[in-house]
Amino acid sequence: MKLSKVDLSSLVAIAHTDGHLQLLLDRGNELEFIEIPAPIQAFEGLQELNEIVAETATLPFELEPIAMLPVSSSMASAVGYCSDDQILQVEFQNGAIYQYSGVEPETWQELQSSDSLGRFYNQEIKGKYDCDRIDDLYDLDKC
């Protein structure tokens, strides 16, 4: 079997009549109508392909970065919070960045008003929330 690369991005519509596959192509400044002798199975195959492509997952979206606030701490250089997703993001002094999920808005407020960010982190965050490292710079495990 020999595979060929196919680009159907300019194909607007298809039909099949009297043994001909009818294609409507977008040529940029105009639409072009083409008829190609083909069995009905070619039309049915293109319809099936369209359904398969339509069912595929949507393109991945890029998440908005969490706004980070610089902090004065020997543990962290910046912290940020996404209230919509309840994600706390911590950038440690060594450059590692972690996101902690399920962090309540009250905990974020308490973190911001704490006298010691490191002490609050160790007592209230570390080990209590699921976390993911979002950088690939270090092999440290801060969770």
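Our structure is the block above this text.
Residues numbered from 1 in each chain as written. Predicted model: local features only at pLDDT ≥ 70, side-chain atom pairs only at ≥ 80, totals over all residues. Heavy atoms only, no water.

1. Considering the layout of surface pockets
Here is step 1: Reported here for the largest pocket is a volume of approximately 220 Å³.
Here is step 2: Lining the largest pocket are Val 6, Leu 8, Leu 11, Ile 14, Leu 46, Gln 47, Leu 49, Asn 50 and Val 53.
Here is step 3: Contributing elements (two or more residues each) for the lining of the largest pocket: strand E1 (11-17) and helix H1 (40-55).
Here is step 4: Looking at which element gives the most residues to the lining of the largest pocket, the answer is H1, with five residues. (1 Å grid on protein atoms, 1.4 Å probe; cavity = no way out; pocket = protein on both sides within 12 Å on 5 of 7 lines; lining within 4 Å. Points joined across faces, edges and corners; volume = space filled by probe spheres on them. Helix = DSSP H or I, 4+ residues; strand = E, 2+ residues; numbered from the N terminus.)

2. Focus: the side chain of Gln 89
Here is step 1: Positionally, Gln 89 belongs in strand E6 (residues 87-92).
Here is step 2: At a separation of 2.6 Å, a polar atom in the side chain of Gln 89 contacts the side chain of Gln 99.
Here is step 3: With residues up to four places along the chain from it excluded, the contact list for Gln 89 reads Ile 66, Met 68, Ala 78, Val 79, Gly 80, Ile 97, Tyr 98, Gln 99 and Ile 134. (Polar contact = N/O pair within 3.5 Å; in protein donor to acceptor, adjacent residues only side chain to side chain. Contact = heavy atoms within 4.5 Å.)

3. Considering the pairing of E1
Here is step 1: For E1 and strand E2 (residues 20-26), the ladder comprises six bridges, and the chain directions are antiparallel. Considered in E2, the bridge of Ala 13 is made with Leu 24.
Here is step 2: From the end of E1 to the start of E2, which pair antiparallel, there are two residues, and Asp 18 there has a positive phi angle of about 50°. (Pairing = 2+ DSSP bridges.)

4. A short note on the environment of Leu 21
Here is step 1: Examined against the element boundaries, Leu 21 turns out to sit in strand E2.
Here is step 2: The exposure class assigned to Leu 21 is buried, which follows from its relative accessible area of 8%.
Here is step 3: In this structure Leu 21 touches Ala 15, His 16, Ile 34, Glu 35, Ile 36, Ala 38, Ala 42, Phe 43 and Leu 46, once residues within four positions along its chain are discounted. (Buried < 20%, exposed > 50% of the residue type's maximum accessible area, 1.4 Å probe, protein only.)

5. A word on helix H2 (residues 105-113)
Here is step 1: What H2 keeps buried is the set Thr 107, Trp 108 and Leu 111. Buried positions in H2, seen along its axis, are confined to an arc of 100° and lie on one side of it. Residues of H2 that are exposed and point over 90 degrees away from its buried face: Glu 106 and Ser 113.
Here is step 2: Against strand E4 (68-70), strand E5 (76-82), E6 and helix H3 (117-125) lie the buried residues of H2. (Arc of directions from axis to C-beta.)

6. Quick notes on a nonpolar patch on the surface
Here is step 1: Among the surface-exposed residues, Val 6, Leu 8, Leu 49 and Val 53 lie close enough to one another that they form a single nonpolar patch of about 340 Å² accessible area.
Here is step 2: Along the chain, Val 53 turns up in helix H1. (Patch = residues over 30% accessible without salt bridge, like charges linked within 9 Å, V, L, I, M, F, W, Y side chains within 5 Å. Areas by Shrake-Rupley, 256 points an atom, 1.4 Å probe, with all protein chains shown as cover. Salt bridge = Lys/Arg side-chain N within 4 Å of Asp/Glu carboxyl O.)

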